[in-house]
Amino acid sequence: MCGVIQKYRQHDHHLCGTRQNTRVAWARCPSASSRDCRVTVAWRSRARPAEDCALNKSNYFSQIATPPVVSRLLGRELYDGKGQLTVEAHVLCIIRNEEKNVCSAVISSHREPRDDSVGDLAINGNDRRNHSVQMALDWITEPLSMMLKGFEPADQAGVDKVLSDFFMARFLERQDRTRKEQEKEQEQATEPVRDPTPPPPAPANKKGGGKAGTGKKSNVAEKPLPSPEPPAIVVPGSMAIGSVSLVVAKAAALLKTVPLYEHIRSLGSHQSLKNVEMPIPMVTLLNCGKTSPGKLNLVEEVIVIPVAGQRVRQIVEMVLELQKEIAKILNATSKTGHAFNTTSDSGGLVMGCDRPEQVLDLITEACSNLRLELGNKICLAINCSAHELMDYPKGKYGIISGNPKSPDELVDIYEDLTSKYPAITALIDPFRKEDQEQWEKLNSVLRPTCSLYCDGTYAPTDPYSLERMPSPAWARGFVLKQTNQTTVTDLIRITQQLEGIVTILGTTSGEPCCDTLSDLAVGLGVNFVKLGGLNHGERLTKYNRLISIEEELSQRGILGSKEEPESSHPLAAAD
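Residues numbered from 1 in each chain as written. Predicted model: local features only at pLDDT ≥ 70, side-chain atom pairs only at ≥ 80, totals over all residues. Heavy atoms only, no water.

Along its length, the protein chain carries 16 helices and 14 strands. Split into buried and exposed, the 575 residues of the protein chain put 47% on the buried side. Contacts in the protein chain between residues at least 24 apart in sequence constitute 71% of all its contacts with a sequence separation of at least 6. Here the protein chain has roughly 29,700 Å² of accessible surface; of this, 51% comes from carbon and sulfur atoms. (Helix = DSSP H or I, 4+ residues; strand = E, 2+ residues; numbered from the N terminus. Buried < 20%, exposed > 50% of the residue type's maximum accessible area, 1.4 Å probe, protein only. Contact = heavy atoms within 4.5 Å. Areas by Shrake-Rupley, 256 points an atom, 1.4 Å probe, with all protein chains shown as cover.)

All right, on to the packing of helix H15 (residues 516–524) against helix H16 (residues 537–556) then. For the pair H15 and H16, the least separation of the axes is 8 Å and the interaxial angle reads 45°. Considered as vectors, H15 and H16 are oriented oblique to each other. Crossing geometry of H15 relative to H16 is assigned as right-handed. Judged by residue contacts, Leu517, Ser518, Asp519 and Val522 of H15 engage Lys542, Arg545, Leu546 and Ile549 from H16. Residue composition of the contact of H15 with H16, grouped by class: 4 nonpolar, 1 polar and 3 charged. (Axes fitted to C-alpha atoms, helices over the stretch in contact; angles between N-to-C directions. Parallel < 35°, antiparallel > 145°, perpendicular 65-115°, else oblique. Left-handed = near helix turned anticlockwise from the far one by under 90°. Nonpolar A, V, L, I, M, F, W, Y, C, P; charged D, E, K, R; others polar.)

A word on the side chain of asparagine 443. By the secondary structure assignment, asparagine 443 is in helix H12 (residues 436–446). By relative accessible area, which is 15% here, asparagine 443 ends up buried. Contacts of asparagine 443, omitting those with residues within four sequence positions, involve Leu452 and Trp474.

Scored by pLDDT, the protein chain comes out at a mean of 81, with 74% of its residues at no less than 70. Predicted confidence for residues 204–220 stays below pLDDT 50, and this span has 3 contacts to residues more than four positions away or in other chains. (pLDDT = per-residue confidence, 0-100.)

Further remarks concern the pattern of salt bridges. For the structure on display, the rule yields 21 salt bridges. Through salt bridges with shared partners, a single network forms among Asp176, Arg179, Lys180 and Glu183. (Salt bridge = Lys/Arg side-chain N within 4 Å of Asp/Glu carboxyl O.)

As a further point, take unusual backbone geometry. Put simply, arginine 447 and proline 448 share a cis peptide bond, and its omega is 10°. Within the fold, proline 448 resides in the loop between H12 and strand E11 (451–454). Phi angles above zero are rare outside glycine, and serine 385 is one such case at about 50°. Examined against the element boundaries, serine 385 turns out to sit in the loop between strand E7 (378–383) and strand E8 (390–391).

Next up on the list: a negative patch on the surface. Residues Glu409, Asp412, Glu415 and Asp416 make up a contiguous surface patch of negative charge. As for its position among the elements, aspartate 416 is in helix H11 (residues 407–420). (Patch = residues over 30% accessible without salt bridge, like charges linked within 9 Å, V, L, I, M, F, W, Y side chains within 5 Å. Lys, Arg positive; Asp, Glu negative; His and termini not counted. Charge placed at Lys NZ, Arg CZ, Asp CG, Glu CD.)

The tally for this structure, following the rule as stated, stands at 7 aromatic pairs. With a centroid separation of 5.2 Å and an interplanar angle of 90°, the aromatic rings of tryptophan 139 and phenylalanine 166 are classed as edge-to-face. Here tryptophan 139 is found in helix H5 (residues 121–147), whereas its partner phenylalanine 166 is found in helix H6 (residues 156–189), with 27 residues between them in sequence. Here tryptophan 139 matches phenylalanine 166 in class, with each residue buried. Look at tyrosine 458 and phenylalanine 478: their rings are 5.1 Å apart centre to centre, the planes differ by 45°, and that puts the pair in the tilted class. Taken together, the residues tyrosine 458 in the loop between E11 and helix H13 (465–468) and phenylalanine 478 in strand E12 (residues 477–480) connect sequence positions 20 residues apart. Each residue in the set Tyr397, Tyr414, Phe431, Trp439 and Trp474 is aromatic and connected to the rest through ring pairs, giving one cluster. Here the guanidinium or amino end of arginine 170 rests over the ring plane of phenylalanine 166, the centre of that ring lying 4.7 Å away. (Phe/Tyr/Trp six-rings, centres within 6.5 Å; stacked < 30°, edge-to-face > 60°. Lys NZ or Arg CZ within 6 Å of the ring centre and 35° of its normal.)

Turning our eyes to something else, we now look at the environment of threonine 495. Turning to its location among the elements, threonine 495 is positioned in helix H14 (residues 488–497). Its relative accessible area of 13% is what places threonine 495 among the buried residues. Distance from threonine 495 to valine 526, taken between C-alpha atoms, is 7.4 Å for residues 31 residues apart in sequence. Dropping the residues within four chain positions of it, threonine 495 is found in contact with Leu480, Leu524 and Val526. There is a polar contact of 2.9 Å between the side chain of threonine 495 and the backbone oxygen of leucine 491. Among the polar contacts made by the side chain of threonine 495, one reaches the main-chain carbonyl oxygen of isoleucine 492 at a distance of 2.9 Å. (Polar contact = N/O pair within 3.5 Å; in protein donor to acceptor, adjacent residues only side chain to side chain.)

What follows deals with the side chain of glutamate 88. Along the chain, glutamate 88 falls in strand E2 (residues 85–95). At a separation of 2.5 Å, a polar atom in the side chain of glutamate 88 contacts the side chain of arginine 76. Within the local environment of glutamate 88, its side chain forms a polar contact with the side chain of histidine 90, the two groups lying 3.1 Å apart. In this structure glutamate 88 touches Leu74, Gly75, Arg76, Leu78, Ser104, Ala105 and Val106, once residues within four positions along its chain are discounted.

Looking at chain direction, E2 and strand E3 (residues 98–105) are connected through 7 bridges and run antiparallel. By the bridge assignment, valine 91 is partnered in E3 with cysteine 103. Linkage of E2 to E3, two consecutive antiparallel strands, is achieved through a turn of 2 residues, within which arginine 96 is found at a positive phi near 50°. (Pairing = 2+ DSSP bridges.)

Right, here's the structure in full:
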């Protein structure tokens, strides 16, 4: 009798919470049987009614069964790899009736379009950035936190719909404000102004002579330069959208106890986790652009593209050896004894050159010393960033200081360079977006041995960019970035729309020390990932994460492998 009473009371105590009565029963259970009966009656008389027990039981299990929901969002300032302020978003969720800080996320720092009309660009840029960061913090902690309260982190599409709608409202407000300011300026400019003294007539040229006459140069009329498109509007605070979207995705993955890349794959078309192919790293080796010493401006980045079929760790070790050999060659030929002492923001070695052949000859020599087959084991890509080199008053590209070239002349330069160095299999941003004729001409000349790619010239992640401008036929692929208002759903949608086109997930010059970009690359199933050079902690963190993911997939037996292409073109695997 006594043992049965104890078992029965323990069970009821769990459901009804009668802690005090249970203690009394346990104290009296070892006593006489008649006393046990009195205790049992007294205990039952003080117990809660049966319906209360059922209600408590229902509440107990409902708390366990209720999925976690967003409680609120927090934001804080953070410094990226360049020492610039950026935004980190935190998400707090209600989990089993308790609020918990689940995780945080930070995206690549945004890059505002350059405005040369501003006097002091550095100071003005810092002021704009600080204003944008503060605006993003205000968005996260106030409107976005309230709007996303109660959302399940697993509902990525619903969360990103709210974020995109909120951003688009701010975008249209800013667009409308900009339009009204322009109309006001035009009205002020068109006001009639009386000129009491008209200018004297220009003297006539004698026999058409003079510099403005019909000389030899006037017979050769240069093609008019297409006017540049207005820069994309960067809405202050827009980095809040991308960071909140990413932190919600990270929270969903943590709550499901799966890696982020696996959760991203489940959101897209890659529902199954079989034969997961790793994106091929494109590693920045050298930087010879505008910010480097020397006259050469054209070669912003020289990028190593390894042929498919190699592990990430092998690629990193190979590029590190190549980087050391290049430094060794330059230090041996330098009069000072040490040529390399700086690295760029993108993690590459900074090198000053006067001609593009100098840097390519150096890489060829280093590969020969290491018995590394250039054009077979690895190939090269050149990020030209030509859209930043246009001298609009002259209508030419300043590819070399003091020697500007027209768009047509630049086509011939690229053709000669790729024929002399067949290991170059990709050119990124060789022209401005507006030079459509030159893009098409160069594409027809270089293919199939060399392909053209868009990075800064055409960004599919801009608002309505795919609807505003169709994917150009001459572009073999695009570099995607999660910056500003780009959500996780946007990246999934864009990679699906660009199916059949090479996709590269890339970084910016200002990167946080965070490895989620590597998970995004694997989860989205992009062909390549462009993480920069093998310097700086914010870059190596992402490479280390790629190595970890590849090892994890191999241990689970679900690592797919890209077959080595028949040709030496490293992008042939993406065809």
